[in-house]
Amino acid sequence: MSDTVADLIDRLHREAEQDRPSEETPDVGIVMGSDSDLEVMMTGGTRRGAYDAFIDELGFGEQTDFESPPEERFTFETYVTSAHRTPDLMTAYAETAEDRGLEVVIAGAGGKSADLPNMTASIAYPLPVIGVPVQEKSVDSVIGMPTGAPLVAVDAGKSFNAALSAAQILARQYDDVRDRLVAYHDGLREGVGTVSRELHDGGTVDFSTQ
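From a predicted model like this one, the values you see are computed outputs, not experimental measurements.

Judged by pairing direction, the sheet is parallel, and its six strands sit side by side in the order β2-β3-β1-β4-β5-β6 without closing on themselves. Here the strands that pair on one side only, and so sit at the sheet edges, are β2 (61-62) and β6 (152-153). In this sheet, strand β5 (residues 129-133) lies alongside strand β4 (residues 104-109) in parallel orientation, the contact comprising five bridges. Each residue of the ladder has a partner; that of A107, found in β5, is G131. Of the strands in this sheet, β1 (28-32), β4 and β5 touch helix α5 (residues 116-124), which is tilted by about 155° from β4.

As structure tokens, this is what we get:
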């Protein structure tokens, strides 16, 4: 029986050697410590997540085949790279991330020992890494990096904001991503204006029963 972890590590290194054009490689990497983190990291459950931000709001595509990118110009990929159960896979992912064309990584982990974001940031440096504490008890672990070892982090469970932050990094280089972010923000602004007008003009009771 093949060693799946070893196969994945070999794949990452092979992809890093290909030197493919940036428009054909994933722009954002999303890694998590366990598939139990998937709901928070991707769809957010009752709270929208990174997948919703990238797909619904920013028009990114999910790239599942490194050698066959989707039609969308900007893409993300997803992996599980446990810092405790597969440290070799986590290391290989972080070491190869920049050579594989990634421009930013979002790393999420739960529990009190949420080490994946920290370790990924240390190994992938100077590639920017955005940490997502999957639970409230993960916050201290994720944000507790020493001076000289930077890691940007969002609040517990807010992978949606991590996706927006990743897009902001890309927007400094790509005007198209910047335009998408501005359009998303303008939509939020207009939504607040619409709600405010309906609340005031219709009154609290009518608004509350809509």
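After presenting the structure, the write-up continues.
Those residues of helix α4 (residues 87-96) that fall on the buried side of the exposure criterion are L89, M90, A92, Y93, A94 and T96. On its buried side, α4 packs onto α1 (4-16), β1, β3 (75-80), β4 and α5.

Our focus in this paragraph is a negative patch on the surface. Taken together, D3, D7, D10 and D88 make up a surface patch of like negative charges. Note on placement: D7 falls in helix α1.

Glancing now at the pairing of β4. Burial of β4 is extensive: six of the six residues sit out of reach of the surface. Neither face of β4 is open: one carries V104, I106 and G108, the other V105, A107 and A109, and all of them are buried. In this structure, β1 lies alongside β4, joined through five bridges in parallel fashion. Directly across from V28, in β4, lies its bridge partner V104.

Right, let's get into the layout of surface pockets. In this structure, the largest pocket occupies an estimated 190 Å³ of space. As for the largest pocket, its lining consists of N161, L164, S165, Q168, A171, R172, R178, L181, V182, Y184, H185 and L188. Counting only elements with at least two residues in the lining of the largest pocket, the list comes to α7 (159-171) and α8 (175-202). With six residues, the single largest contributor to the lining of the largest pocket is α8. Counted by class, the lining of the largest pocket contains six nonpolar, four polar and two charged residues. Around the second largest pocket sit R11, E15, P26, E62, Q63, T64, D65, F66, E77, T78, Y79 and R100, which together line it.

Here the focus is the pairing of β1. Burial of β1 is extensive: five of the five residues sit out of reach of the surface. One ladder, built from five bridges, connects β1 with β3; its direction is parallel. Residue pairing in the sheet places V31 in a bridge with Y79 of β3.

In total, this model carries seven aromatic pairs according to the counting rule given. Judged by centre distance (5.8 Å) and plane angle (35°), the ring pair of F60 and F74 falls under tilted. Of this pair, F60 sits in the loop between α3 (50-57) and β2 while F74 sits in the loop between β2 and β3, and the two are 14 residues apart along the sequence. Each member of the pair, F60 together with F74, is buried. On the numbers, 5.2 Å between centres and 65° between planes, the contact of F74 with Y174 is edge-to-face. Of this pair, F74 sits in the loop between β2 and β3 while Y174 sits in the loop between α7 and α8, and the two are 100 residues apart along the sequence. Note on Y174: relative accessible area 13%, which makes it buried. Among the aromatic residues, ring-to-ring pairing joins Y51, F54, F60, F74, F76 and Y174 into one connected group. Sitting above the plane of the F74 ring, R73 keeps its charged end 4.5 Å from the centroid.

Cut-offs and rules
- Residues numbered from 1 in each chain as written.
- Predicted model: local features only at pLDDT ≥ 70, side-chain atom pairs only at ≥ 80, totals over all residues.
- Heavy atoms only, no water.
- Pairing = 2+ DSSP bridges.
- Helix = DSSP H or I, 4+ residues; strand = E, 2+ residues; numbered from the N terminus.
- Contact = heavy atoms within 4.5 Å.
- Axes fitted to C-alpha atoms, helices over the stretch in contact; angles between N-to-C directions.
- Buried < 20%, exposed > 50% of the residue type's maximum accessible area, 1.4 Å probe, protein only.
- Patch = residues over 30% accessible without salt bridge, like charges linked within 9 Å, V, L, I, M, F, W, Y side chains within 5 Å.
- Areas by Shrake-Rupley, 256 points an atom, 1.4 Å probe, with all protein chains shown as cover.
- Salt bridge = Lys/Arg side-chain N within 4 Å of Asp/Glu carboxyl O.
- Lys, Arg positive; Asp, Glu negative; His and termini not counted.
- Charge placed at Lys NZ, Arg CZ, Asp CG, Glu CD.
- 1 Å grid on protein atoms, 1.4 Å probe; cavity = no way out; pocket = protein on both sides within 12 Å on 5 of 7 lines; lining within 4 Å.
- Points joined across faces, edges and corners; volume = space filled by probe spheres on them.
- Nonpolar A, V, L, I, M, F, W, Y, C, P; charged D, E, K, R; others polar.
- Phe/Tyr/Trp six-rings, centres within 6.5 Å; stacked < 30°, edge-to-face > 60°.
- Lys NZ or Arg CZ within 6 Å of the ring centre and 35° of its normal.

On their own, these measurements won't tell you what the molecule is for.
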